[in-house]
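# Reading the structure
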Amino acid sequence: MSRCPFNHSAPAEFDLFSNFYLNDPAAVFQGIRENTPVFWYEPIGAWIITRRADVDAALMDWELWSCKSNGAFIEIPADYSSIVSPELMSEIMIGMDPPKHTGARKVAQKGFLKPNIAKLAPEIEERANRILDKLAPAGSAEFMESYCLELTTQTLMALLALPPEYDGFIRQLRDDHFRVLASGREPIPEPEFSIVWQRYATAQLYLRKLVEERRESKEGDIISIMASAREPNGSYSLSNERISMHLTEFAAAGTDTTAQAMANGILFLSQHPDQLADALNDPTLWPKVFEETVRRRPSAPFTSRVATRDTEVAGVEIKKGDFVWLAFVSANTDPAGVADPMSFNIHREVLDEQSHYAFTKGRHTCLGAPLGRLQGTIGLRVAFERLKSLRVTPDQTLDFLPLALLPIRRSIQVQWKP
């Protein structure tokens, strides 16, 4: 679709590909949300819905706002379509509606039950300290890869029961999946397109072998849980292809989104030393540090949907088949939902799982939310407790993979007194 509906196009200053957006995604919606709550953004060929109430309503109405669009617009090279078919790509977890989504989620959720995740706290803290043991003497580091992603990747590999030599594989799979997922609206140029897809298809075949090896496993890792799940008639609940694709999603969402949140938390606390001091003096505040971080800057600023029938939002007519982006980052900072929304404030009276959309809402609430919250909270607390003078290095150049749907910070330089 390529059109610009009359009188409802994006304001001239709105730019999801600018450094202004990458630096602070919420800032681009200030003023726009009130004056133009729904608008068409031609560079991505989609409507953007900005108000909290409208975003909330869309998330809760899966029959009107379908997720099937999330994999439907991805270009799959002919050479790899026999491995990653359009049908398979349309069955990514964030691209399914009930009842198919319900069945896949029910199987996968067994690996992310909150009581089981809570038991991981000592292991996560131990990993964080081991990583910092190596970093502490230096006094400075690129912290995204060396700490944030190192911690989340190690934890995910433990959940998947993968040995250390899979580290590079998981990191590359994470990057390639995000690139492929965004390509439906942000095409990949050559030669990167061919390189990414060759790695991506090869990774799917490799994961399928792992799944097949664990079909009869009684272990409690996520691969074994999904591989061994059966229907009442005795057949396997999910195919090798489906499981490998869901594992790919976990490799991406289970590592990068929490790592991004930790990096953002370090940025916010560096800018608010008084609140950092409060958290160091009162450890019960660290969960609120994490919640306020993802409220103010969710790792995923948007999610996408497609209208299943003609409808109207904020007085704007949206046609059946129109592509829509729901702006979590705008809904989280809507004054209708929170006072003084652009401020970072860990002392808010209401600051919990219901106060923002960082882990979305409804049927597509993030499966890994319990793990993300636990790991993000522990990761931030341990970093600042071990490196009490930890701060972001000033005046560093923005370093992002500049995807509008999911801007990925590639690096963050920090320093401390060794």
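These remarks concern the structure in this document.

## Here's the deal with the overall build of the protein chain
- Along the backbone of the protein chain there are 18 helices and 12 strands.
- What you see for the protein chain is a C-alpha radius of gyration of 21 Å, in line with the 22 Å of a compact globule of 418 residues.
- Summarising its shape, the C-alpha atoms of the protein chain cover approximately 55 × 55 × 45 Å along the three principal directions.
- Burial statistics for the protein chain: of 418 residues in total, 58% are counted as buried.
- Long-range contacts, defined as pairs at least 24 residues apart, comprise 74% of the intrachain contacts of the protein chain with a sequence gap of at least 6.
- Split by element, the accessible area of the protein chain, about 17,500 Å² in all, is 53% carbon and sulfur.
- The averaged location of the 54 negative side-chain charges in the protein chain is 4 Å from the averaged location of its 45 positive side-chain charges.

## What about the pairing of strand β2 (residues 46–49)?
- A two-sided burial pattern is seen for β2, the buried positions comprising Ala46 and Ile48 on one face and Trp47 and Ile49 on the other.
- Looking at chain direction, strand β1 (residues 38–41) and β2 are connected through 4 bridges and run antiparallel. Looking across to β2, one finds that Phe39 is bridged to Ile48.
- Between β1 and β2, which pair antiparallel one after the other, the connecting turn spans 4 residues, and Gly45 there sits at a positive phi close to 60 degrees.
- As judged from the 3 bridges shared by β2 and strand β8 (residues 323–327), these two strands associate in the parallel manner. By the bridge assignment for β8, Ile48 is matched with Trp325.

## Quick word on the packing of helix α9 (residues 143–160) against helix α10 (residues 167–182)
- Relative to each other, α9 and α10 sit at 105 degrees, their axes nearing to 10 Å. Relative to α10, α9 is oriented roughly perpendicular. Judged by residue contacts, Glu145, Leu149, Glu150, Thr153, Leu156, Met157 and Leu160 of α9 engage Asp167, Ile170, Arg171 and Arg174 from α10.
- In terms of residue class, the contact of α9 with α10 is made up of 5 nonpolar, 1 polar and 5 charged.

## Describing the packing of aromatic side chains
- Enumeration according to the criterion identifies 16 aromatic pairs in this entry.
- An angle of 80 degrees between the planes, with centres 5.3 Å apart, marks the rings of Trp197 and Tyr200 as edge-to-face. Taken together, the residues Trp197 and Tyr200, both in helix α11 (residues 192–213) and 3 residues apart, mark about one turn of the helix.
- Classification of Tyr200 as buried rests on a relative accessible area of 0%.
- Feature note: the residues Phe14, Phe29, Phe39, Tyr41, Phe302 and Trp325 constitute an aromatic cluster, connected by ring pairs.

## Observations concerning the pattern of salt bridges
- Summed over all chains, the structure comprises 24 salt bridges.
- For Glu291, the salt bridge is made with Arg373, and the minimal N-O distance between the two is 2.4 Å. Taken together, the residues span a long stretch of sequence, with Glu291 in helix α16 (residues 286–296) and Arg373 in helix α18 (residues 369–386) at a distance of 82 residues. Neither Glu291 nor Arg373 differs from the other in exposure class; each is buried.
- Lys319 is paired through a salt bridge with Asp310; the nearest N and O atoms lie 3.9 Å apart.
- Given the relative accessible area of 36%, Lys319 is considered partly exposed.
- Residue classification places Asp310 among the partly exposed residues on the basis of a relative accessible area of 44%.

## Here's the deal with unusual backbone geometry
- The residue after Glu190, namely Pro191, is reached through a cis peptide bond having omega 5 degrees.
- Within the secondary structure, Pro191 sits in the loop between α10 and α11.
- With phi around 55 degrees, Ala161 is a residue other than glycine that occupies positive phi space.
- You can see Ala161 is positioned in the loop between α9 and α10.
- Here the phi dihedral of Asp340 falls at roughly 50 degrees; this positive angle occurs in a residue that is not glycine.

## Notes on the sheet that holds strand β5 (residues 302–307)
- Spatial ordering of the open sheet is given by β1-β2-β8-β5-β3, a layout of 5 strands whose pairing is mixed. Each edge of the open sheet is held by one strand with a lone partner, namely β1 and β3 (65–66).
- Of the pairings in the sheet, the one linking β3 to β5 comprises 2 bridges and is antiparallel in character. Opposite Trp65, over in β5, you have Ala307 as the bridge partner.
- Relative to the sheet, helix α3 (residues 52–60) contacts β2, β3, β5 and β8, its axis offset from that of β8 by approximately 120 degrees.

## A closer look at the sheet that holds strand β4 (residues 140–142)
- Read across the open sheet, the 3 strands follow the order β4-β12-β9; overall the sheet is antiparallel. Each end of this open sheet is capped by a strand with a single partner; those strands are β4 and β9 (391–392).
- Strand direction decides the pairing type here: β9 and strand β12 (residues 413–415), joined by 2 bridges, are antiparallel. Directly across from Arg391, in β12, lies its bridge partner Gln415.

## Concerning the nonpolar core
- Of all hydrophobic cores here, the largest spans 90 residues; its most connected members are Met89, Phe143, Tyr147, Cys148, Trp197 and Leu247.
- The residues contacting Cys148, other than those within four sequence positions of it, are Phe143, Ala259, Met262, Ala263 and Ile266.
- Tyr21, Ala26, Ile32 and Trp325 belong to the second largest nonpolar core, which has 21 residues in total.

## A closer look at the packing of helix α14 (residues 256–271) against α18
- In the contact formed by α14 and α18, the axes pass within 9 Å of each other and the chain directions differ by 40 degrees. Here α14 is positioned oblique relative to α18, judged by the angle of their axes. The handedness of the crossing between α14 and α18 comes out as right-handed. Between α14 and α18, the contacting residues are Thr258, Met262, Gly265, Ile266 and Leu269 on the first element and Gly372, Gln375, Gly376, Gly379, Leu380 and Phe384 on the second.
- A class-by-class count of the residues in the contact of α14 with α18 yields 5 nonpolar, 6 polar and no charged.

Thresholds, definitions, all that
Residues numbered from 1 in each chain as written. Predicted model: local features only at pLDDT ≥ 70, side-chain atom pairs only at ≥ 80, totals over all residues. Heavy atoms only, no water. Helix = DSSP H or I, 4+ residues; strand = E, 2+ residues; numbered from the N terminus. Rg over C-alpha atoms; globule rule 2.2 N^0.38 Å. Buried < 20%, exposed > 50% of the residue type's maximum accessible area, 1.4 Å probe, protein only. Contact = heavy atoms within 4.5 Å. Areas by Shrake-Rupley, 256 points an atom, 1.4 Å probe, with all protein chains shown as cover. Lys, Arg positive; Asp, Glu negative; His and termini not counted. Charge placed at Lys NZ, Arg CZ, Asp CG, Glu CD. Pairing = 2+ DSSP bridges. Axes fitted to C-alpha atoms, helices over the stretch in contact; angles between N-to-C directions. Parallel < 35°, antiparallel > 145°, perpendicular 65-115°, else oblique. Nonpolar A, V, L, I, M, F, W, Y, C, P; charged D, E, K, R; others polar. Phe/Tyr/Trp six-rings, centres within 6.5 Å; stacked < 30°, edge-to-face > 60°. Salt bridge = Lys/Arg side-chain N within 4 Å of Asp/Glu carboxyl O. Core = buried A, V, L, I, M, F, W, Y, C linked by side-chain atoms within 4.5 Å. Left-handed = near helix turned anticlockwise from the far one by under 90°.

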